[in-house]
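# Close look at the chain arrangement
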Amino acid sequence: MLFPDYRPRRMRQNTAFRKMIRETVLTVNDFILPLFAIDGKGVKNPIDAMPGQYHLSIDNLVNTARQAFDLGIPAIILFGIPAKKDPLGTQAYAKDGIVQRAVKTVKDKVPDLAVITDVCLCQYTDHGHCGFVEGHRVDNDASLDLLARTALSHARAGADMVAPSDMMDGRVAEIRNLLDEHDYSQIPIMSYAAKYCSSYYGPFRQAAHSAPQFGDRRTYQMDPANSREAIREAAMDVEEGADIIMVKPALAYLDIICRLRDEIDLPLAAYNVSGEFSMIKAAEKMGWIDGQKVMMETLTAIKRAGADMILTYFAMDAAALINA
């Protein structure tokens, strides 16, 4: 169809028409809110690189979780900041670890809020890598047991879902098998299937105290230049038993979200990561952009690309706007 027979502006001329033909609509149900748990009581320490985000003691984390639930946000994902670290990341799978205690308390106080747990070792190891380290090499196969034990400890604490983010080969199958062996077959796995070795993680590593103490994560996280590899990674996780697959980061990888949406019929998550969040906050502070509008445009773009759910630090702000 060509002008003058087709005039696209006809359907843009007023708000009602634009709403009627809108193809992508954000809802509060799209959001998962990441939260950082830390030891102590009454703690609410600002994360400098992520304005409006905090390290929260469990009492304050429960308050934030309840606020999120009251806004209609269906789920949170928990990251733990342990009081001590060691080479094996033992606090990741300790019965009384920070995430395990946070899960129990949130499920007790806000039982209808879904609690997802990040399964990784980087916050808990003194070397900052996501698995077991032998010399200066991350040993893939030796890491699997530790990751599965971490997921099992989260399930035992009451987590509704576990989300392995480590990018070790075979970890989804290892976790699925151990959960099933201990009668947790009902616990879904959200796999960070296509997690890229991205510079957008900088603010998160400050928040989670998880920067590697040597080297980097290029030997296990994906090369940002690769697209076809994401299909193979996701397909492998599906075969191993993943219930949801995730792309991380989201904004610079909308093409990957779109490709996986076409290739995989499982629910698809995307992580609107810390660097994406903080850049918008910084530009807003400088007066260069309308922060609220850019936030909503960004989240809409991630959903338009094919994401069924979005992990985002904007969750509460966006939910409040949607509900207004």
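Scroll up to find the structure this text is about.
Procedures and definitions
- Residues numbered from 1 in each chain as written.
- Predicted model: local features only at pLDDT ≥ 70, side-chain atom pairs only at ≥ 80, totals over all residues.
- Heavy atoms only, no water.
- Helix = DSSP H or I, 4+ residues; strand = E, 2+ residues; numbered from the N terminus.
- Buried < 20%, exposed > 50% of the residue type's maximum accessible area, 1.4 Å probe, protein only.
- 1 Å grid on protein atoms, 1.4 Å probe; cavity = no way out; pocket = protein on both sides within 12 Å on 5 of 7 lines; lining within 4 Å.
- Points joined across faces, edges and corners; volume = space filled by probe spheres on them.
- Nonpolar A, V, L, I, M, F, W, Y, C, P; charged D, E, K, R; others polar.
- Axes fitted to C-alpha atoms, helices over the stretch in contact; angles between N-to-C directions.
- Parallel < 35°, antiparallel > 145°, perpendicular 65-115°, else oblique.
- Left-handed = near helix turned anticlockwise from the far one by under 90°.
- Contact = heavy atoms within 4.5 Å.
- Phe/Tyr/Trp six-rings, centres within 6.5 Å; stacked < 30°, edge-to-face > 60°.
- Patch = residues over 30% accessible without salt bridge, like charges linked within 9 Å, V, L, I, M, F, W, Y side chains within 5 Å.
- Areas by Shrake-Rupley, 256 points an atom, 1.4 Å probe, with all protein chains shown as cover.
- Salt bridge = Lys/Arg side-chain N within 4 Å of Asp/Glu carboxyl O.
- Lys, Arg positive; Asp, Glu negative; His and termini not counted.
- Charge placed at Lys NZ, Arg CZ, Asp CG, Glu CD.

The subject of this paragraph is the environment of Asp 48. Within the secondary structure, Asp 48 sits in the loop between strand E2 (44-46) and strand E3 (54-56). Relative accessible area serves as the criterion here: at 69%, Asp 48 is assigned to the exposed category. A C-alpha to C-alpha distance of 9.9 Å links Asp 48 and Ser 278, two positions 230 residues apart in sequence.

As a further point, take the layout of surface pockets. Size it by volume and the largest pocket reaches roughly 330 Å³. What lines the largest pocket is a set of 19 residues, among which Gly 52, Gln 53, Tyr 54, Thr 64 and Met 316 lie closest to the centre. Every element with two or more residues in the lining of the largest pocket is listed here: strand E1 (31-38), E3, helix H2 (58-70), helix H9 (274-285) and helix H11 (315-323). A breakdown of the residues in the lining of the largest pocket according to their chemical character gives 10 nonpolar, six polar and three charged. Here the second largest pocket defines a volume of roughly 170 Å³. Of all the secondary structure elements, the ones that give two or more residues to the lining of the second largest pocket are strand E7 (137-139) and helix H7 (228-240). Partitioning the lining of the second largest pocket into residue classes produces five nonpolar, three polar and five charged.

Closest axis-to-axis distance for the helix H4 (residues 140-157)/helix H5 (residues 171-181) pair is 9 Å, and the angle between their directions is 45°. For the element pair H4 / H5, the angle class is oblique. Note on packing geometry: the crossing formed by H4 with H5 is right-handed. Counted together, Leu 144, Asp 145, Leu 147, Ala 148, Arg 149, Ala 151, Leu 152 and Ala 155 of H4 and Arg 171, Glu 174, Ile 175, Leu 178 and Leu 179 of H5 form the full contact between these two elements. Across the contact of H4 with H5, the residue classes break down as nine nonpolar, no polar and four charged.

Take the packing of aromatic side chains next. Counting across every chain of the model gives seven aromatic pairs. A centroid spacing of 6.4 Å and a plane angle of 45° characterise the contact between Tyr 192 and Tyr 271, whose relative ring orientation is tilted. On the criterion of sequence distance, the pair formed by Tyr 192 in strand E9 (residues 190-195) and Tyr 271 in strand E11 (residues 268-272) is long-range, its members being 79 residues apart. In this structure Tyr 192 comes out as buried when scored by relative accessible area, which is 0%.

A cluster of like negative charges, contributed by Asp 141, Asp 169, Glu 174 and Glu 181, occupies part of the molecular surface. Relative to the helices and strands, Glu 174 is located in helix H5. What makes Glu 174 partly exposed here is its relative accessible area of 32%.

The next point concerns empty space enclosed by the protein. For the coordinates displayed, the defined rule picks out one cavity of 30 Å³ or more. The space that makes up the largest cavity amounts to roughly 100 Å³. Every residue lining the largest cavity is counted, 15 residues in all, and those nearest its centre are Cys 122, Lys 195, Phe 204, Arg 217 and Lys 248. Among the elements of the structure, E9 and helix H6 (202-208) are those that each provide at least two residues to the lining of the largest cavity. Within the lining of the largest cavity, the residues separate by chemical class into seven nonpolar, three polar and five charged.

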